[in-house]
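The lines below spell out each chain.
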Amino acid sequence: MIGRLNHIGIAVPSIEAAKRPYIDLYGLKASDITETRDMPEQGVRFAFVNLPNSQIELIEPLGENSPIRRFVEKNPQGGQHHVCFEVADIYAARDAMKAKGATVLNEPRIGAHGTPIIFIHPKDSSGVLIELMETPPKNHGIAHA
Ligand code: CO
């Protein structure tokens, strides 16, 4: 069973440009947004916009084989890419999803929050790519607001 909405993933052509409206338009402080980091093993750069109740994950293609390159080519201004819910146990979640007939797109791997993640094909959820993420321990990894 899914828990808390952890973040919404937005794929963009430029993270630095994508940070601006959160400050200039929506009134966040620069300190509400993390520095941009590279995750070459997953073919993305990322940064988090910390909100009182959740996060926005900005992701930008890194490298020619980035899994989000085609998405950004189709959505040149950027666009909503995935929604991430927390689960208590990623392996139990994977097994349960498979048992229910869902299409699990990858074996658990470490995501941007430092905890294991899987993705569920958009066809199983009204066209929305779903990320399931094992709930991070408190005060773990990238700071939440
Ligand atoms: Co994500």
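Placed above this text is the structure.
Note that the coordinates shown come from a computational prediction; the quantities given were computed from them, not determined experimentally. Numbering of residues starts from 1 in each chain and follows the order in which that chain's sequence is written. Restriction of local features to residues with pLDDT of at least 70 applies here, the model being predicted, together with a cutoff of 80 or more for giving and counting side-chain atom pairs; totals for whole chains, interfaces and linings are based on all residues. By convention in this description, side-chain values take in all heavy atoms of the structure and omit both hydrogens and water.

Q: How should the sheet that holds strand β3 (residues 44–50) be read in this particular structure?
A: The strands making up a sheet are joined through hydrogen bonds of the backbone, oriented either antiparallel or parallel. With mixed pairing, eight strands are arranged side by side in an open sheet as β2-β3-β4-β1-β5-β8-β7-β6. Among the strands making up the open sheet, the edge pair consists of β2 (37–39) and β6 (109–110). Taken together, the five bridges between strand β1 (residues 5–11) and strand β4 (residues 55–61) define a ladder with parallel strand orientation. Within β4, the position partnered with Gly-9 by the bridge is Glu-57. Sitting on the sheet, helix α1 (residues 15–24) is in contact with β3 and β4, with an inclination near 155° to β4. Every residue pair with non-hydrogen atoms within 4.5 Å of one another is taken to be in contact. Only C-alpha atoms enter the line fits that serve as axes; for helices the fit covers just the stretch in contact. Angles between N-to-C directions range over 0 to 180 degrees. Numbering of helices and strands starts at the N terminus; helices are DSSP runs of H or I of at least 4 residues and strands are runs of E of at least 2. Packing of helix α3 (residues 90–99) onto the sheet brings it into contact with β5 (79–87), β7 (116–120) and β8 (130–134), and relative to β7 it is tilted by some 15°. Any two strands are treated as partners once DSSP identifies two or more bridges connecting them.

Q: I tried to follow unusual backbone geometry on my own but got confused; where do I start?
A: A negative phi angle is the norm for most residues apart from glycine, just as the trans form is the norm for most peptide bonds. Residue Ser-126 is not a glycine yet carries a positive backbone phi of 55°. Topologically, Ser-126 is positioned in the loop between β7 and β8. With a relative accessible area of 77%, Ser-126 lands in the exposed category. Here's how the labels work: a residue is buried when its accessible area is under 20% of the maximum for its type, exposed when over 50%, partly exposed in between, all with a 1.4 Å probe on protein chains only.

Q: Can you walk me through the coordination of the cobalt ion in this structure?
A: Ideal geometry at a metal gives 109.5 degrees between four tetrahedral donors and either 90 or 180 degrees between six octahedral ones. The protein atoms donating to the cobalt ion are His-7 (NE2), Glu-57 (OE), His-82 (NE2) and Glu-131 (OE), with metal-donor distances spanning 2.0 to 2.2 Å. Taken together, the four donor atoms surrounding the cobalt ion define angles of 84 to 166° at the centre, an arrangement classified as irregular. Coordinating N, O and S atoms are those within 2.8 Å of the metal (3.2 Å for Na, K and Ca), and as water is not part of the atoms, a site may appear to have fewer donors than expected. Written as a sequence motif, the donor residues of the cobalt ion are H-x49-E-x24-H-x48-E. Of this pair, Glu-57 sits in strand β4 while Glu-131 sits in strand β8, and the two are 74 residues apart along the sequence. Each label reflects the angles at the metal, where four donors whose angles all fall between 85 and 135 degrees are tetrahedral, four or six donors whose opposite pairs open beyond 155 degrees and whose other angles stay between 65 and 115 are square planar or octahedral respectively, and the rest are irregular.

Q: For this particular structure, what's the right way to read the environment of Ala-99?
A: Tracing the sequence through the fold places Ala-99 in helix α3. Assessed through its relative accessible area of 69%, Ala-99 is described here as exposed. For the pair formed by Ala-99 and Leu-129, sequence separation is 30 residues and the distance between their alpha carbons is 19 Å.

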